[in-house]
Amino acid sequence: MRKIIAAGLVALLVPVAAPHPAHAAAADTYPDYATLAAKEVEGRDYLRLRRLPRGAEVAHIAIHGGAIESPTTQLADHAAGTKHAFYSFVGIKPDGNSKLHITSTRFDEPRALKLVAAVDRTVSWHAAAATHATTYVGGRDARLVAKVTAALRKAGFPVAATVPDRINGTSPRNIVNRNKRRMGVQLEISKGQRTRFFKGGKLSRARVENPANRTSAFYRYVNAVNSALAS
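Only a predicted model underlies this, so the values are computations on that prediction, with no experimental measurement involved.

**Section: the pairing of strand E7 (residues 135–138)**
Where burial is concerned, the two faces of E7 agree: the one with Thr 135 and Val 137 and the one with Tyr 136 and Gly 138 are both buried. Sheet analysis places E7 next to strand E8 (residues 185–190), joined by four bridges and oriented antiparallel. Opposite Tyr 136, over in E8, you have Glu 188 as the bridge partner.

Dropping the structure here:
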């Protein structure tokens, strides 16, 4: 095991199994963060990464980061940069990281809730299981959803015309909608799209945590999302 530091992101590099598909039909192992924290060990099984720059109005979050839904931590971290707030709950278990998945409507980790409550707008980054390249853009912030959708399409990224109810991100209980304005944007990015963000299409932690493996699509995608936020 070794520690790496990249783009403000500190993580432990360990071999992991394939990432967990987003929103699987099976129920979560843990119903909330307190139950998870009582069974799993922070620093061994998971990390909580957080940045809140002074005056930040936007937060990019990845609550199913690391090997839970790869590469959502890296996307959110790069999108946040030094201007926006950043949070990620990162799975670092050698295997079985799907156990760490807590669905968005029940994700109540205190640091995440505090960070989101401090900003006006939130973008929550997730992984969807579809093998074709697409993004499902949901959330309660209808105006920003439309802007992000348009920006992604303009940059050449397919966006689904409709979003399945189970991943539409519209519940008021969803952490993405618990900011000051009570509405945010949820990005569910298919595996077919995520593999295009890295050379060789590999999504292991060893691959995604090395910026040298990123393709131009990774940067164009993040830039498109941030352009919508800036408009």
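**Describing the packing of aromatic side chains**
For the structure on display, the rule yields eleven aromatic pairs. For the ring pair Phe 157 and Tyr 221, a centre distance of 5.0 Å and an interplane angle of 70 degrees mean the geometry is edge-to-face. Taken together, the residues span a long stretch of sequence, with Phe 157 in the loop between helix H4 (142–154) and E8 and Tyr 221 in helix H7 (residues 216–230) at a distance of 64 residues. A relative accessible area of 4% means that Phe 157 is categorised as buried. Assessed through its relative accessible area of 0%, Tyr 221 is described here as buried. Their ring planes at 85 degrees and their centres at 6.1 Å tell us that Phe 197 and Phe 218 sit as a pair that is edge-to-face. With a gap of 21 residues between them, Phe 197 in the loop between helix H5 (191–194) and helix H6 (205–208) and Phe 218 in helix H7 connect regions that are remote in the sequence. Here Phe 197 matches Phe 218 in class, with each residue buried. Each member of the aromatic cluster is reached from another via a ring pair, and the members are Trp 125, Phe 157, Phe 197, Phe 198, Phe 218, Tyr 219 and Tyr 221.

Reading guide: rules and limits
- Residues numbered from 1 in each chain as written.
- Predicted model: local features only at pLDDT ≥ 70, side-chain atom pairs only at ≥ 80, totals over all residues.
- Heavy atoms only, no water.
- Buried < 20%, exposed > 50% of the residue type's maximum accessible area, 1.4 Å probe, protein only.
- Helix = DSSP H or I, 4+ residues; strand = E, 2+ residues; numbered from the N terminus.
- Pairing = 2+ DSSP bridges.
- Phe/Tyr/Trp six-rings, centres within 6.5 Å; stacked < 30°, edge-to-face > 60°.

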